[in-house]
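# Architecture and fold: a report
Single-letter residue listing:
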Amino acid sequence: MSDFFDQVEACVPALRRYARALTRNADLADDLVQDCLERAVSRRGLFRPTGPVRAWLFTILLNLHRNSLRASQRRGETVDIDTIPEPSAPAPQPGHVALVELARAIETLPLEQKEALLLVTLEGLAYHEAAAVLNIPMGTLMSRLGRARAALRVLTGTPAEPHLRTVK
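Residues numbered from 1 in each chain as written. Predicted model: local features only at pLDDT ≥ 70, side-chain atom pairs only at ≥ 80, totals over all residues. Heavy atoms only, no water.

Attention now moves to the pattern of salt bridges. Considering all chains together, one arrives at seven salt bridges under this definition. Glu123 serves as the salt-bridge partner of Arg17, at 3.1 Å between the closest nitrogen and oxygen. Of this pair, Arg17 sits in helix 1 (residues 2-23) while Glu123 sits in the loop between helix 5 (111-122) and helix 6 (127-134); the two residues are 106 residues apart in sequence, bridging distant segments of the chain. A salt bridge links Arg54 to Glu123; its shortest N-O distance comes to 3.8 Å. One end of the pair, Arg54, is in helix 3 (residues 53-75); the other, Glu123, is in the loop between helix 5 and helix 6, and 69 residues separate them in sequence. When salt bridges that share partners are traced, they join Arg16, Arg20 and Asp30 into one network. (Salt bridge = Lys/Arg side-chain N within 4 Å of Asp/Glu carboxyl O. Helix = DSSP H or I, 4+ residues; strand = E, 2+ residues; numbered from the N terminus.)

Structure, rendered in structure tokens:
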């Protein structure tokens, strides 16, 4: 059983990264990870070692996040006053601006595309693992990733990769 807890502990940094990318709020992300870990520990008897603990934990975290989104839609949106920039603040460096622009573009993606993109790009899950976490077929995952990447290129003004451009 300690092997189970060792595997769970090893996944905590990745869970925190993914939760922060999903929520864009460190406190909410930490709460989400804590809820995920509590659920995993209390229901460890339900884990079937047919796959990695990591995928199971990501599935729990994602389901908790989706439940939270549904609940917040019923409550309405709250805005953290600390996230509103001061008008007199100096402009950040260009690299920071590009990252902020990309983060904002990712936020505008439909949830299904955002979840798929972050699992593959941020967490480095293999396509089959990400499809399993999201409980979708591989083709659906690939379609969501393709649409997400295309939308990000449009939103950020980034041209398609040279080998992906259409030749006229």
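By the secondary structure assignment, Leu64 is in helix 3. Along the backbone, Leu64 and Asp35 are 29 residues apart, and their C-alpha atoms lie at a distance of 7.8 Å. When residues no more than four places from it in sequence are discounted, the contact partners of Leu64 are Leu32, Asp35, Cys36 and Arg39. (Contact = heavy atoms within 4.5 Å.)

Tallied over the full model, the rule gives three aromatic pairs. Relative to Phe58, the ring of Tyr18 lies with its centre 5.5 Å away and its plane at 70°, an arrangement referred to as edge-to-face. Residue Tyr18 is located in helix 1, and its partner Phe58 is located in helix 3; the two are separated by 40 residues in the primary sequence. Phe58 shares its class with Tyr18; the two are buried. (Phe/Tyr/Trp six-rings, centres within 6.5 Å; stacked < 30°, edge-to-face > 60°. Buried < 20%, exposed > 50% of the residue type's maximum accessible area, 1.4 Å probe, protein only.)

Next up on the list: the packing of helix 3 against helix 6. Following both chains from N to C, one finds helix 3 and helix 6 inclined at 45°, their axes separated by 8 Å at the closest point. Between helix 3 and helix 6, the crossing angle belongs to the class labelled oblique. Both helix 3 and helix 6 take part in a crossing whose hand is right-handed. Touching Ala55, Phe58, Thr59, Leu62 and Arg66 of helix 3 are Ala132, Val133 and Leu134, all from helix 6. (Axes fitted to C-alpha atoms, helices over the stretch in contact; angles between N-to-C directions. Parallel < 35°, antiparallel > 145°, perpendicular 65-115°, else oblique. Left-handed = near helix turned anticlockwise from the far one by under 90°.)

Glancing now at helix 6. Of all the positions in helix 6, only Ala130, Ala131, Val133 and Leu134 are classed as buried. Taken down its axis, helix 6 places every buried residue within 160° of arc, on the same side. Opposite its buried face, helix 6 presents the exposed residues His128 and Ala132, each directed more than 90 degrees away. Taken together, the buried residues of helix 6 touch helix 3, helix 5 and helix 7 (138-156). Within two residues after helix 6, Asn135 carries a phi angle of roughly 60°, on the positive side. (Arc of directions from axis to C-beta.)

This brings us to a negative patch on the surface. On the surface, Asp27, Asp31, Asp35, Glu38, Asp80 and Asp82 cluster together into a patch of negative charge. When you line up the elements, Asp27 lands in helix 2 (residues 26-42). What makes Asp27 exposed here is its relative accessible area of 58%. (Patch = residues over 30% accessible without salt bridge, like charges linked within 9 Å, V, L, I, M, F, W, Y side chains within 5 Å. Areas by Shrake-Rupley, 256 points an atom, 1.4 Å probe, with all protein chains shown as cover. Lys, Arg positive; Asp, Glu negative; His and termini not counted. Charge placed at Lys NZ, Arg CZ, Asp CG, Glu CD.)

The subject of this paragraph is the nonpolar core. With 42 residues, the main nonpolar core has Leu15, Tyr18, Leu57, Phe58, Leu61, Leu119 and Leu141 as its most contacted residues. Looking at this core, the elements with two or more residues in it are helix 1, helix 2, helix 3, helix 4 (94-108), helix 5, helix 6 and helix 7. For Phe58, the contacting residues outside a window of four places in its chain are Ala14, Leu15, Tyr18, Leu119, Glu123, Leu125 and Val133. (Core = buried A, V, L, I, M, F, W, Y, C linked by side-chain atoms within 4.5 Å.)

Counting through the fold element by element, Lys114 comes out in helix 5. Overall, Lys114 belongs to the buried group, its relative accessible area being 6%. In this structure Lys114 touches Ala21, Leu22, Ile106, Glu107 and Leu109, once residues within four positions along its chain are discounted.

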